[in-house]
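# Report on the structure
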Amino acid sequence: MTFVQIVECRTERPDELNRLMDTWIEQTQGRRTATHAMVGADRADAQHIVEIVEFPSYEAAMRNSGLPETDRIFREMVALCQEPPTFTNLDLVRDEQLQKAAARRLLVDPSSGDMSALDELLAPDYRDHDPSMDGDTVGPAAVRQMIEGYRTAFDFTFDIQSQIAEGDQVATRWVWRGTHIGEFMGMPASNKTIEAAGMTVFRFEDGMVKEGWWSWDGVGMMRQMGMMPG
């Protein structure tokens with residue numbers, strides 16, 4: 001279950017506190033378990049600082065707390081505050097809107113060449129179920145390779161039609177549009193504009209996407225390309 005920690009403090013030195021956080025981010029690169037962090041200043045009281053940090057789970061947050069850099073930075077943070085910081089620990093019980101945004105990003109961003117969502121949102125053992133493939137695609141690296149193959153053959157986009165979220169799953173209905181610019185399944189580039197409708201269901205676990213199920217009109221796509229009779 002996703003875990004969120006809210007840290008509140010009062011300080012007359014917010015700039016130094018901000019630089020301290022930058023130092024922690026730099027020093028824990030590749031080892032910290034926090035997946036998202038926000039720092040805000042109270043509009044009614046600029047000395048009231050609130051930090052919201054998201055982790056995949058409570059256990060991941062505890063591992064993060066155990067980093068020596070975290071302990072050191074926390075002691076320096078206390079020294080900058082007028083009084084000891086307060087902590088509120090939350091198990092996230094509802095985050096459908098965040099999951100919808102993550103699902104949308106996984107579809108839309110890679111088509112433009114931005115693959116960062118794959119590393120940030122796909123679990124290391126993510127499994128992709130697509131009946132058009134010979135078998136499941138497993139892991140972010142394999143998904144990246146598959147997408148790059150499509151990007152070599154098509155200049156394409158995903159047009160998101162609608163989304164429904166329930167529990168740990170998000171269903172997204174989309175229309176895929178692409179221009180055939182390179183070889184695909186042995187067929188040379190035709191520069192034809194191809195369109196296919198479909199739906200993807202992503203299942204989330206501990207803030208990451210663990211599985212994806214695809215259903216789309218592959219037959220219609222091949223007919224438009226001239227690979228099958230109309």
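It should be noted that the structure appears before, not after, this text.
Structural notes, computed from the coordinates.

Reading guide: rules and limits
- Residues numbered from 1 in each chain as written.
- Predicted model: local features only at pLDDT ≥ 70, side-chain atom pairs only at ≥ 80, totals over all residues.
- Heavy atoms only, no water.
- 1 Å grid on protein atoms, 1.4 Å probe; cavity = no way out; pocket = protein on both sides within 12 Å on 5 of 7 lines; lining within 4 Å.
- Points joined across faces, edges and corners; volume = space filled by probe spheres on them.
- Helix = DSSP H or I, 4+ residues; strand = E, 2+ residues; numbered from the N terminus.
- Nonpolar A, V, L, I, M, F, W, Y, C, P; charged D, E, K, R; others polar.
- Buried < 20%, exposed > 50% of the residue type's maximum accessible area, 1.4 Å probe, protein only.
- Contact = heavy atoms within 4.5 Å.
- Expected span 1.5 Å × (residues − 1).
- Arc of directions from axis to C-beta.

Tallied over the full model, the rule gives one cavity of 30 Å³ or more. If you trace the largest cavity, you find 21 residues lining it, with Met146, Ile147, Tyr150, Phe158 and Trp214 closest to the centre. Among the secondary structure elements, those contributing two or more residues to the lining of the largest cavity are helix 4 (96–111), strand 5 (122–129), helix 6 (140–153), strand 7 (154–166), strand 8 (169–180) and strand 10 (208–216). The class makeup of the residues in the lining of the largest cavity is 18 nonpolar, one polar and two charged.

Mapped onto the secondary structure, Trp24 falls in helix 1 (residues 14–27). Residue classification places Trp24 among the buried positions, given a relative accessible area of 9%. C-alpha of Trp24 to C-alpha of Ser65: the two residues are 41 residues apart in sequence and 12 Å apart in space. Those residues in contact with Trp24 that sit more than four places away from it in its chain are Arg32, Ala34, Asn64, Glu69, Thr70 and Ile73.

In a regular helix each residue adds 1.5 Å, so 14 residues correspond to 20 Å; helix 1 covers 20 Å between its end C-alpha atoms and thus fits that length. Of all the positions in helix 1, only Leu17, Leu20, Met21 and Trp24 are classed as buried. All buried residues of helix 1 fall inside an arc of 100° around its axis, so they share one side. Opposite the packed face of helix 1, turned more than 90 degrees from it, sit the exposed residues Asp15 and Glu26. Looking at the buried positions of helix 1, the neighbouring elements they touch are strand 1 (3–10), strand 3 (45–55), helix 2 (58–65) and helix 3 (68–80).

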